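Structure at a glance
Chain by chain, the residues:
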Amino acid sequence: MISTVDLSEMPGPEIDPDTFGADSGAVRLTDVAFDIDGDGVLDTQTLEVDDALVVATDTDGDGSADHIVIVGSGVDGGEYSAWEFHRDADGRERWECTDGGTLGG
Ligand SMILES: [Ca+2]
Ligand SMILES: [Ca+2]
């Protein structure tokens, strides 16, 4: 039997906005709370890590994030980056940076 206490003690996704990159591996979502694409299935979890906001979306419903956007990382907290998860034919998992830059300015 799973109690609410057990769930609350589950570790969240391990994402370090400052070091997230191509080799960070699959990010397991633990507490999806938003339905970004409006299909009625919750798919997106947001996390605050230090001063950064991480938005992780599981588009295919397998429990692992397929898209991640990190806002507010970097030395001055003014950077954002967008990542897309890929699993190669040989099973290698990698994140591809699809967008990024500096906020404001
Ligand atoms: Ca959805
Ligand atoms: Ca997924």
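Everything here concerns the structure above.
In this report, we go over the structure that sits alongside the text. All residue numbers here refer to positions counted from 1 along the written sequence of the relevant chain. As they are written, the chains are lettered A onward and the ligands numbered 1 onward, keeping that order. Since the coordinates come from a predicted model, pLDDT governs what is reported: local features require at least 70, and pairs of side-chain atoms require 80 or more to be given and counted, while whole-chain, interface and lining totals use all residues. Only heavy atoms go into the side-chain values, all of them from the structure, while hydrogens and water stay out.

**Digging into the overall build of the protein**
- Helix and strand counts for the protein stand at one helix and five strands.
- Its helices and strands taken in sequence order, the protein reads α-β-β-β-β-β from the N to the C terminus.
- For every residue, the accessible area obtained with a 1.4 Å probe (protein chains only) is divided by the maximum for its type, and the residue is called buried under 20%, exposed over 50%, and partly exposed between those limits. The 105 residues of the protein split such that 30% are buried.
- Pairs of residues are marked as contacts when any of their non-hydrogen atoms sit within 4.5 Å. Excluding contacts between residues fewer than 6 apart, the proportion of contacts in the protein whose partners are at least 24 apart in sequence is 30%.
- Areas reported as accessible are Shrake-Rupley estimates using a 1.4 Å probe. Residue values count occlusion only from the protein chains shown. With an accessible surface of roughly 6700 Å², the protein has 50% of that area assigned to carbon and sulfur atoms. The helix count covers DSSP runs of H or I at least four residues long, the strand count covers runs of E at least two residues long, and both are numbered beginning at the N terminus.

**What about the side chain of Asp58?**
- Examined against the element boundaries, Asp58 turns out to sit in the loop between strand E2 (52–57) and strand E3 (67–73).
- Of the side chains with opposite charge, Arg28 comes closest to the buried, unpaired Asp58, at an N-O distance of 7.2 Å.
- Polar contacts, as counted here, are pairs of nitrogen or oxygen atoms within 3.5 Å of one another; within protein the pair requires one atom able to donate a hydrogen and one able to accept it, and residues that are adjacent in sequence qualify only if both atoms are side-chain atoms. Engagement of the side chain of Asp58 in a polar contact is seen with the backbone nitrogen of Asp60, the distance being 3.5 Å.
- A polar side-chain atom of Asp58 sits 3.1 Å from the main-chain amide nitrogen of Gly61.
- Not counting residues within four places of it along the chain, the set of residues in contact with Asp58 comprises Leu29, Asp43, Gly63, Ser64, Ala65 and Asp66. Residues counted as positive are Lys and Arg, residues counted as negative are Asp and Glu, and His and the chain ends are not counted. For this document, the term salt bridge refers to a Lys or Arg side-chain nitrogen within 4 Å of an Asp or Glu carboxyl oxygen.

**Concerning the coordination of the calcium ion (ligand 1)**
- The protein atoms that coordinate the calcium ion (ligand 1) are Asp35 (OD), Asp37 (OD), Asp39 (OD), Val41 (O) and Asp43 (OD), at distances of 2.1 to 2.4 Å.
- The sequence pattern formed by the donor residues of the calcium ion (ligand 1) is D-x1-D-x1-D-x1-V-x1-D. Coordination shells were defined by N, O and S atoms within 2.8 Å of each metal, extended to 3.2 Å for Na, K and Ca; water is absent from the atom set, which can make sites look incomplete.

**Looking at the coordination of the calcium ion (ligand 2)**
- Every protein donor of the calcium ion (ligand 2) is accounted for by Asp58 (OD), Asp60 (OD), Asp62 (OD), Ser64 (O), Asp66 (OD) and Asp66 (OD), and the metal-donor separations fall at 2.2 to 2.9 Å.
- The coordination sphere of the calcium ion (ligand 2) comprises six donor atoms, whose angles at the metal cover 48 to 171°; the geometry is irregular.
- When the donors of the calcium ion (ligand 2) are listed by position in the chain, the intervening gaps give D-x1-D-x1-D-x1-S-x1-D.
- For Asp58, a relative accessible area of 9% gives the class buried.
- Judged by its relative accessible area of 36%, Asp62 falls in the partly exposed class. Just to be clear on the cut-offs, tetrahedral is four donors with all angles between 85 and 135 degrees, square planar is four donors and octahedral six with opposite donors over 155 degrees apart and all others between 65 and 115, and anything else goes down as irregular.

**Some remarks on the sheet that holds strand E1 (residues 44–49)**
- One open sheet holds the five strands; their spatial order is E1-E2-E3-E4-E5, and the pairing between them is antiparallel. The open sheet terminates on both sides in strands that have one partner only, identified here as E1 and strand E5 (93–102). Neighbour to neighbour, the strand axes of the sheet diverge by 15° on average, direction disregarded.
- For two strands to be treated as a pair, DSSP must find no fewer than two bridges joining them. Taken together, the six bridges between E3 and strand E4 (residues 79–87) define a ladder with antiparallel strand orientation. Note that in E4 the partner of Ile68 across the bridge is Trp83. As a rule, the C-alpha atoms of each element are fitted with a line to give its axis, helices using only the stretch in contact, and angles between N-to-C directions run from 0 to 180 degrees.

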